[in-house]
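# Commentary on secondary and tertiary structure
The primary structure of each chain is shown beneath.
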Amino acid sequence: MFSFFRLLRYRFFLFAGILPFFLGASMSFSAHKTFNFYYFAVAFIGIALSLVGVETFNEYFDARLGSDRVFLEDKENIPDYIFYLGCLAFILAGIIAGYLSLKIGLSIAVFAILGFIAACFYVGPPLRLAYRGFGEFAIFFAYGPLMVLGSYYVQAQRIGLGPFLVSLIFGFLILALALVNEIPDYYQDGLVGKKNLVVRLGKQRAIILYQAVIFLSFLMLAIAFALKLIPIFSILVFLIFPFAVYTALKARKTYDKATQFIPTIRNTLIIYLFVSFTLIAGYLI
């Protein structure tokens, strides 16, 4: 069971981009009552390839730099073809982005370039954003506004304030998930010079930031409802708010006890998934 959770923990970001992509498309369908399945499918393939590129680059460069595997014997056994697989995935995603830019609009190219910078240089040289304290901001931007608005634009050929505000909800939730995933790796990351926000702030202050981000997620939800940017059905999302409060408070008591902190990571994932599916369902209904 622990092995499965560990696998899910380290592979979650391979799938995390799918839900914001679905949200953007569902928001556009709700607002404009049109849906181009062909463009959706092509863009989905591009996103999937980008996520494969992110995962392989993270695996390759983290192994070479020692992060997350400082206590594992096989940290040097990541083959070189993993790097080339990531390059191929990014190249194919770039071709798809170029095609969609010609068919839909050049704004797609802007989304693609910004996404490539965040994905390729998250741990890759020379920027190595995750090692300089900017990785969490890249995650917030890429899996929140960039992914949601990019998907929305593919369908609607425009963006607006409403989709942007909703995209921030996803950004805050994925940021919360990133922070709690870094807590157990605090000492390993520090040893290899990976100065992410948790290492820079220390675990105690990082937990305070995590709690603030969870609060901001639901605050943005409340604002979106007040502005009638979210369908009435999605008010069900607030059913998980007490669970989110419990998780945030529990995190403060267990952040320095690795085995007891595991439920916080799992619960944050549950919150992310519940909010995601509830919002998507609301727009589709």
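Computed from a predicted structure; not experimentally measured.

### Regarding unusual backbone geometry
Even without glycine at this site, Lys-33 takes up a positive phi of about 60°. One can find Lys-33 in the loop between helix H2 (18-32) and helix H3 (37-65). A positive phi is found at Gln-157, a non-glycine position, where the angle reads about 55°. Its place among the elements puts Gln-157 in the loop between helix H6 (135-156) and helix H7 (161-182). Judged by relative accessible area, Gln-157 falls into the partly exposed class, the value being 38%.

### A closer look at the nonpolar core
Core analysis: the biggest nonpolar cluster contains 92 residues, and Leu-23, Ile-230 and Val-275 have the highest contact counts within it. Take this core: its biggest share by element is 14 residues, from H7. If we ignore the near neighbours within four places in the chain, the residues touching Leu-23 are Val-148, Val-166, Phe-170, Leu-279, Ile-280 and Tyr-283.

### Observations concerning the side chain of Gln-211
Structurally, the position occupied by Gln-211 is in helix H10 (residues 203-226). Since its relative accessible area comes to 18%, Gln-211 is described here as buried.

### A word on the environment of Phe-90
With respect to the secondary-structure elements, Phe-90 resides in helix H4 (residues 81-103). Judged by its relative accessible area of 10%, Phe-90 falls in the buried class. Taking C-alpha positions, Phe-90 is 5.7 Å from Gly-53, a pair spaced 37 residues apart along the chain. Every residue in contact with Phe-90, bar those within four places of it in the chain, is listed here: Ser-50, Gly-53, Val-54, Phe-57, Phe-116, Ala-119 and Cys-120.

### Regarding the packing of aromatic side chains
Counted according to the given criterion, the structure contains 25 aromatic pairs. Judged by centre distance (6.0 Å) and plane angle (10°), the rings of Phe-22 and Phe-44 are stacked. Of the two residues, Phe-22 is situated in helix H2 and Phe-44 in helix H3; the sequence distance between them amounts to 22 residues. Considering the side-chain rings of Phe-140 and Phe-172, the 5.2 Å spacing of their centres and the 55° angle between planes classify their relative orientation as tilted. Of this pair, Phe-140 sits in helix H6 while Phe-172 sits in helix H7, and the two are 32 residues apart along the sequence. Phe-172 shares its class with Phe-140; the two are buried. Ring pairing ties together the aromatic residues Phe-57, Tyr-60, Phe-61, Phe-83, Tyr-84, Phe-90, Phe-116 and Phe-121, which thus form one cluster.

### Regarding the state of the cysteines
Applying the stated criterion across every chain yields a total of zero disulfides. Cys-120 takes part in no disulfide bond, and the closest cysteine sulfur, belonging to Cys-87, lies 7.3 Å away.

### Brief notes about the pattern of salt bridges
Overall, the coordinates contain one salt bridge when judged by the stated rule. Measuring nitrogen to oxygen at the nearest pair gives 2.6 Å for the salt bridge that ties Asp-256 to Lys-203. With a gap of 53 residues between them, Asp-256 in the loop between helix H11 (241-254) and helix H12 (258-284) and Lys-203 in helix H10 connect regions that are remote in the sequence. A relative accessible area of 49% places Asp-256 in the partly exposed class. Judged by its relative accessible area of 10%, Lys-203 is buried.

Reading the values: rules and limits
Residues numbered from 1 in each chain as written. Predicted model: local features only at pLDDT ≥ 70, side-chain atom pairs only at ≥ 80, totals over all residues. Heavy atoms only, no water. Helix = DSSP H or I, 4+ residues; strand = E, 2+ residues; numbered from the N terminus. Buried < 20%, exposed > 50% of the residue type's maximum accessible area, 1.4 Å probe, protein only. Core = buried A, V, L, I, M, F, W, Y, C linked by side-chain atoms within 4.5 Å. Contact = heavy atoms within 4.5 Å. Phe/Tyr/Trp six-rings, centres within 6.5 Å; stacked < 30°, edge-to-face > 60°. Disulfide = S-S within 2.5 Å. Salt bridge = Lys/Arg side-chain N within 4 Å of Asp/Glu carboxyl O.

That's the geometry; what it means functionally is another story.
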